[in-house]
Amino acid sequence: TYTIKAEKEHMFFDAITVKIAPNTPQLADIIATGFSVCGQISITHFPETVKQINKYKVTLTSHDKERTALLTTETDSLGAFCFKAKMGSYDIQVAVPEAEAKAGLSLKPKVFPVTVTDLPVMNVAFFQFLASVSGKVSCLDACGDLTVTLQPTSRQGEKHYLQLSGKSNSAPFMFENVLPGRYKLSIIHEDWCWKNKSLEQEVLEDDVSCIELRQTGYMLRCSLSHAITLEF
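Residues numbered from 1 in each chain as written. Predicted model: local features only at pLDDT ≥ 70, side-chain atom pairs only at ≥ 80, totals over all residues. Heavy atoms only, no water.

Reading across the sheet, the four strands line up as 14-13-16-18 and stay open at both edges, with antiparallel pairing between neighbours. Edge positions in the sheet fall to strand 14 (160-166) and strand 18 (198-203), since each of these pairs with one other strand and no more. The mean inter-strand angle of the sheet, taken between neighbouring strand axes irrespective of direction, is 25 degrees. With six bridges joining them, strand 16 (residues 181-188) and strand 18 adopt antiparallel strand pairing. In the sheet register, Tyr183 faces strand 18, and the bridge partner there is Gln201. (Pairing = 2+ DSSP bridges. Helix = DSSP H or I, 4+ residues; strand = E, 2+ residues; numbered from the N terminus. Axes fitted to C-alpha atoms, helices over the stretch in contact; angles between N-to-C directions.)

What follows deals with the layout of surface pockets. Left-over empty space is what a probe sized like a water molecule reveals as it rolls over the atoms. Roughly 410 Å³ of volume is contained in the largest pocket. Glu48, Arg155, Glu158, His160 and Leu179 are the residues nearest the centre of the largest pocket, which is lined by 21 residues in total. Secondary-structure elements contributing two or more residues to the lining of the largest pocket are strand 13 (144-152) and strand 15 (170-178). Counting residues per element, the lining of the largest pocket draws most heavily on strand 15, at four residues. (1 Å grid on protein atoms, 1.4 Å probe; cavity = no way out; pocket = protein on both sides within 12 Å on 5 of 7 lines; lining within 4 Å. Points joined across faces, edges and corners; volume = space filled by probe spheres on them.)

On to the sheet that holds strand 17 (residues 192-194), then. Taken together, the four strands give an open sheet; going across it, the order is 15-12-19-17, and neighbouring strands pair in mixed fashion. Only two strands of the sheet have a single partner each, and these edge strands are strand 15 and strand 17. Going across the sheet, the axis of each strand differs from the next one's by a mean of 30 degrees, ignoring polarity. Where strand 17 meets strand 19 (residues 208-218), three bridges bridge the pair, whose relative direction is antiparallel. Within strand 19, the residue paired with Trp192 across the bridge is Tyr218.

Listed below in structure tokens is the structure:
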């Protein structure tokens, strides 16, 4: 009687016990019973309170009727993870701790679907979501030199500045690599009047675009020695 074990990277086999005798000249087929499902979490811009990639809980959930969490694992220090899974369809999810989510860390996709057939699945990937916030400044005449700022309001964070310059009456702007959260968008030009000098914007799961900061007039400052009626 013998025990036969088969080994291959990222494939798994059950050991089989066979009895060698003259009437059993041929062994039974050895069939893989599981395959590796591996992936990577990539974070390129850490929020201020997150200094390095942490170990994250990753869950593999079957598509069967119960949708029970079959397997749970943790990423390593580089964000890599692996499961051993049988043939079937699954959803993979990464749990981001609440404190890190509040700090602006978000991963995409929220759910990564995979189907295990007869090969390992090695291409599961979760990427950090970083948004762009874009729009334009509309001026009554040539815009000239302007400054647009983006300041986080839902957490502590650095204020971002964009210096704009243009000879037309419209100046486009775009802030890139913006973490999810609430922000205050402002225009700095004290001598002009604006429909909205600042706007509240919230970045959730998509880019924010089509914002407009519109000039409505010019600031007129007067210094008079007597009270007068000013008409314009």
